[in-house]
Amino acid sequence: MDKIPILRMGSFLLVTIQVDLYDRLALNLESDLIQMVDKTRAKGVLIDISAVSIVDSFMGRIIGNIASMSKILDAETVVVGMQPAVAITLIELGLPLKGVHTALNVEKGMDLLKSMIDLDEDPDQDLTEDDLIPE
């Protein structure tokens, strides 16, 4: 079974979707991503859809669900790399993706997440022994 990789980058999770999502893969991504937000206590989720050329109403709902569930778990969601045709399709389908922030690319998306989240509290508070590099 296919899986979309979820990468941890500090307090954020990065998902780059490189294939067209069929329903089962989209549901698995939703489940895996929310479990990872909970497990890592991530403060932000960045979803790169620059390689996605077609989005249907189901996929739009999945992105909205990810944002809503992440927000409940205290994480912001930013979608980057949306092609104009995808944006038009989402609006025509009546899926404005409330609660989902957008940015042009991954770099701007990371900057947006950093600006929305106060990471100054204690940068080491969520680190586990596995996150530390041995000296």
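As the structure is a prediction and not an experimental result, all values here were calculated from the model.

Q: Please clarify how the overall build of the protein chain should be interpreted in this entry.
A: Helices and strands together make up the secondary structure of the protein chain, namely four helices and five strands. Taken from N to C terminus, the helices and strands of the protein chain fall in the order β-β-α-β-α-β-α-β-α. Taking all 135 residues of the protein chain together, 39% fall into the buried category. Here the contacts in the protein chain between residues at least 6 apart in sequence split such that 74% fall between residues at least 24 apart. Carbon and sulfur atoms make up 54% of the accessible area of the protein chain, which amounts to about 8100 Å² in all.

Q: Can you help me understand the nonpolar core in this one?
A: Looking at soluble globular proteins, one finds that nonpolar side chains tend to be buried together. Counting 29 residues, the largest nonpolar core has Ile17, Leu21, Leu33 and Ile47 as its most contacted members. Contributions of two or more residues to this core are made by β2 (12-16), α1 (23-40), β3 (44-48), α2 (57-72) and α3 (84-92). Listed in part, the nine residues of the second largest apolar core include Leu46, Val78, Val80 and Leu113.

Q: Where do I start with the pattern of salt bridges in this structure?
A: Once the charged atoms of two side chains with opposite charge are near each other, the side chains can pair. The full count for this structure, using the stated rule, is three salt bridges. A salt bridge links Asp32 to Lys3; the nearest nitrogen and oxygen atoms lie 2.8 Å apart. Here Asp32 is found in helix α1, whereas its partner Lys3 is found in the segment before β1 (6-9), with 29 residues between them in sequence.

Q: Would you mind going over the sheet that holds β1 with me for this structure?
A: Consider a sheet: its strands pair through backbone hydrogen bonds, and that pairing is either parallel or antiparallel. Strands sit in the order β1-β2-β3-β4-β5 across an open sheet of five strands; the sheet is mixed. For this open sheet the edge positions go to β1 and β5 (101-103), each flanked by a neighbour on one side alone. Across the sheet, the mean angle from the axis of one strand to that of its neighbour is 25 degrees, orientation sign disregarded. Bridge count for strand β4 (residues 76-80) against β5 is three bridges, and the pairing is parallel. Counted as the bridge partner of Val78 is His101 from β5. Strand contacts of helix α4 (residues 106-116): β1, β2, β3, β4 and β5, with the helix running at about 160 degrees to β4, the strand carrying the most contacts.

So, how was this worked out
- Residues numbered from 1 in each chain as written.
- Predicted model: local features only at pLDDT ≥ 70, side-chain atom pairs only at ≥ 80, totals over all residues.
- Heavy atoms only, no water.
- Helix = DSSP H or I, 4+ residues; strand = E, 2+ residues; numbered from the N terminus.
- Buried < 20%, exposed > 50% of the residue type's maximum accessible area, 1.4 Å probe, protein only.
- Contact = heavy atoms within 4.5 Å.
- Areas by Shrake-Rupley, 256 points an atom, 1.4 Å probe, with all protein chains shown as cover.
- Core = buried A, V, L, I, M, F, W, Y, C linked by side-chain atoms within 4.5 Å.
- Salt bridge = Lys/Arg side-chain N within 4 Å of Asp/Glu carboxyl O.
- Pairing = 2+ DSSP bridges.
- Axes fitted to C-alpha atoms, helices over the stretch in contact; angles between N-to-C directions.

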